[in-house]
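# Structural overview
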Amino acid sequence: MSTDAQVIDGDDARVIDVAFTRYDGPRAGRLQALWSLARWSSLRALGARRSWKAKVIPIALTLLAFAPALVILGARALFGTSSVTANLVKGLPYGNYAATVSIIILVYSVIITPELLCPDRRDRTLSLYFSTAISPGDYLAGKVLAAVLPLLLITLAPPLTLYAGNMVFAVHPLGYLFGHDRDLPRIVGSALIVTTFYALVGLAISSLTSRRAFAVGGYLAFLVVPTLIGGVLSHALNMRFLRLLALAPAPIRAGQGLFPNYSDPGNIGPWVWGATTVEVAVVAIVVLIVRYRGEQV
Amino acid sequence: MSDPAIEFSGVSRWYGDTVSLAEVSFSIDGGVIGLLGHNGAGKSTTLRLCGGFSSPSAGRVRIFGVDPRRHPDVYRRIGIVPDQSPPWPFLAAREVVELSARLHRVADYRAAAMRALETVDLADVAERPVGEYSHGMRQRAKLAQALVHDPDLLLLDEPLNGLDPAQRSHVIEILSRLGAEGRTILVSSHVLHEVERMAQRVLVLVNGRLVADGSTAGIRRLISERPRRVRIATDGGARALARRLLAGPEVDSVGIVDGQIELETSDPSALARALPSAAREADALLAEVQPVGDDLESVYAYLHARARGQGR
Amino acid sequence: MIGPIIRLTLRALLRQKRAIMLALIALAPAVTAGVYALARPAGANVLDFYSGIVQQLFVPTVAALIALVFGVSAFGDEREDGTILYLVATPQPRIELVIAKVAAAWVATLVLVVPSLVLTAAFALEGRLTVARLGWPLLGVVLATLAYCAAASWLSLRTRRPIIIGIIYILLWEGSIATFAASAAKLSISAYGRAFVAHALPQAARPVTGALTAAVVLVAVVAIAAWGAARALVRGELP
């Protein structure tokens, strides 16, 4: 709809009719609708158009995710090439970045994903969405994209920043680029694995409730508690396969498998972690589809 | 002299850049008072300040002479029917009202709860959980929990919402009776003709400011720049009378609607003096002379328009 | 009047699906201990395992999360739907309202957590279970959950995102920063709760302080949080 004002002009007066009229202009299509949903959902989850209090936690967590990269690059900027900076760079290979900030990633996804689905159920605006051109499938796709985009901010942007910084500070930047050209797709690949996993699991659990508090508790219970149980039992019983209960680090281990320096304390191969990651992600997708398949206007 | 039930002294309330109330001052003690205003005028803010759920950004709010936030004991004398749903929906209405009575330190809380439920016609369904009630029943449950401790001051936010006409009449009757007993009842409502039935006095808010305070008739009299409209029914000679009146200085405009004269006058007293002689000269028999637009709805609409800058 | 408010809040906290989810979380350590009891190799050090599960899983995660959710929900549910007005618009002193709510959240937490701890101890220790080996960790859990409930109640009245802030505190501060910075551990409720475990189990990690000091600190946390929550009821904006 548009609000074309209709003006009726007389000799010495005019009347402006501001009644609504039908929209007859070009329509942007489903993809644009999906993108619009994703964009505004993710901005809203990050605190856009809300008070500063809604923004401070996501911003603080984003800065914390960048902190290792900034510390290393800051040291290189200050101290140049030295054994200290060399050790610092060696101490954080790209494959280990996600593991270093794993708690940040977990907390960040706990904050973002319930915001994407729970308010729509709680405020009963789902039917409003489905009365437009958006189908339940489009809605889910938009929300998954809305979850992935902010998460990429802390899974992809920091290691890319570190990569870019290392290249700039290298003696021969182009040489660094050509020498580490395979690291770039690995960084992107591992970030996508981690991001997609956390996005899907968070959304699946959030889809089960309209209350954000429950979604947060359920998400943590699903990821953190088995991880701790797996850690305790595998150590106590010396059964390394029990470490596969650790769902939280599963995608991180799978992503590390893309890098040549992969190592796992329990000698579990990256393909095993990858299979665990995929299984859980598939279950999450099924939960989402089942939850929203029955939604009607 | 005891303290008034509600006293606002230069009260303002703002949230960031939004001013919800601006320098509102009034004092209320006894009777039913209607709190009127458009959406966003500040009615709910006023009730929240009275209830102690918010503090003024400037000015002072006193309930029976004290700040309710710092003297919770005053809540023994206050009953509140907020806009929100009734509390504890998993409890039966009887349990909700009994708990409210106990929280207000009523000695025989069971008997008081039964009386309150009977007053609002919920005694028969008192064992059902409040969460299973219809909207109207929930409103009455809220009213019961507000009345159970026999308060001296009642604060009601849209209490008639969701009630059918018979129930509305019943609630109006209850509130009018309580007001006649000397209690103070502050009612916020959009249903102006019903506020008019029970409220002896109204407070009118527009854009956070108090624009009128008093009885409907009293406010009307004070709006001097607004011409009074009068309808005159005659037994013949209407047109001739209309021509005579239009010629005189007492009348601003005249029209004939359905055979009756409707005129506007800025000087009702002069019109009253001139009307009998004009009727004689026009050979018109006066059947009825009635002011039009003195009802609360018209007064409110005028105040609202004037405060928002229209018609100046 | 504290009694009726406690009963009402307990009913509200324990009657929902949320309680079932939290009960499953509470049972996790007991299930873990049960699996261990079935599968442990001969000569396994049961005290090490028990100490580890209480210190790493029970106190800092399971008990903390459950206490956080109940502590936030005690006031938070009513604040969220606006029905807190009905409680506040009564002549009850604000501190009594806070005490009642915190007590209800604490009792709800203990209903889930205490049986789990008893089962965990029974499964893990079997024949080596003693009063001290159950009693001291129980005391730590009891006091730590009380502190968490009080702090969570205060948070629920002071901020719109109490669960998120609580999660950040538990996972990020207590779970990460406080584990490698000794000074940060002094600001960790679970660290004081774990101090009681160390009193009975020498295998436990070095505590941040002795049991008596830990008890005093936790009680002080409860008192300060309760005072803060009562103040928030007086000065804060209610929906």
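Further up the page is the structure itself.
Because the structure is a prediction, the values reported are computed rather than measured.

What counts and what doesn't
Residues numbered from 1 in each chain as written. Chains lettered and ligands numbered in written order. Predicted model: local features only at pLDDT ≥ 70, side-chain atom pairs only at ≥ 80, totals over all residues. Contact = placed C-beta atoms within 7 Å. Helix = DSSP H or I, 4+ residues; strand = E, 2+ residues; numbered from the N terminus. Nonpolar A, V, L, I, M, F, W, Y, C, P; charged D, E, K, R; others polar. Pairing = 2+ DSSP bridges. Buried ≥ 20, exposed ≤ 12 C-beta atoms within 10 Å, placed from the backbone. Axes fitted to C-alpha atoms, helices over the stretch in contact; angles between N-to-C directions.

## Quick look at the interface of chain A and chain C
With 21 residues of chain A at the contact, the number on the chain C side is 27 residues. Of all the secondary structure elements, the ones that give two or more residues to the side of chain A that touches chain C are α5 (102-122) and α11 (212-237) of chain A. If you tally residues by element for the side of chain A that touches chain C, the top one is α11 of chain A, at 15 residues. Looking at side-chain class alone, the side of chain A that touches chain C contains 19 nonpolar, two polar and no charged residues.

## Some details on the pairing of strand β11 (residues 253-257) of chain B
Moving residue by residue along a regular strand, the side chains alternate between the two faces of the sheet. Residues and elements named next belong to chain B. With five bridges connecting them, β11 and strand β12 (residues 260-265) associate as antiparallel partners. In the strand pairing of β12, G255 is matched with E262. Connecting β11 to the next strand, β12, in antiparallel fashion are two residues, including D258 with a positive phi near 55°.

## A closer look at the pairing of strand β8 (residues 201-206) of chain B
All names here are of chain B. Of all six residues making up β8, five are buried, and the element is well covered by its neighbours. For strand β3 (residues 31-37) and β8, the ladder comprises five bridges, and the chain directions are parallel. Bridge assignment links L36 to a residue of β8, and that residue is V204. In this structure, β8 lies alongside strand β9 (residues 209-214), joined through five bridges in antiparallel fashion. Bridging from a neighbouring strand, L205 pairs with L210 of β9. Taken together, β8 and the strand that follows it, β9, pair antiparallel across an intervening segment of two residues, in which N207 is found at a positive phi of about 50°.

## Remarks on the environment of A93 of chain B
Residue and element names in this part refer to chain B. Mapped onto the fold, A93 is located in helix α2 (residues 93-103). Residue classification places A93 among the buried residues on the basis of 28 C-beta atoms within 10 Å. With 45 residues separating them in the primary sequence, A93 and R138 have C-alpha atoms 9.0 Å apart. Once you skip the residues sitting within four places of it in the chain, A93 turns out to touch L117, L122, V125, A126, R128, V130 and A141.

## Remarks on the sheet that holds strand β13 (residues 286-292) of chain B
To summarise the sheet geometry, strands pair through backbone hydrogen bonds and adopt either a parallel or an antiparallel arrangement. Residue and element names in this part refer to chain B. Strands sit in the order β11-β12-β10-β13 across an open sheet of four strands; the sheet is antiparallel. This sheet does not close on itself; its edge strands, each paired only once, are β11 and β13. Adjacent strand axes in the sheet meet at a mean angle of 20°, parallel and antiparallel pairs treated alike. Packing against the sheet, helix α8 (residues 238-247) makes contact with β10 (228-234), β11 and β12, and its axis sits at approximately 170° to β11.

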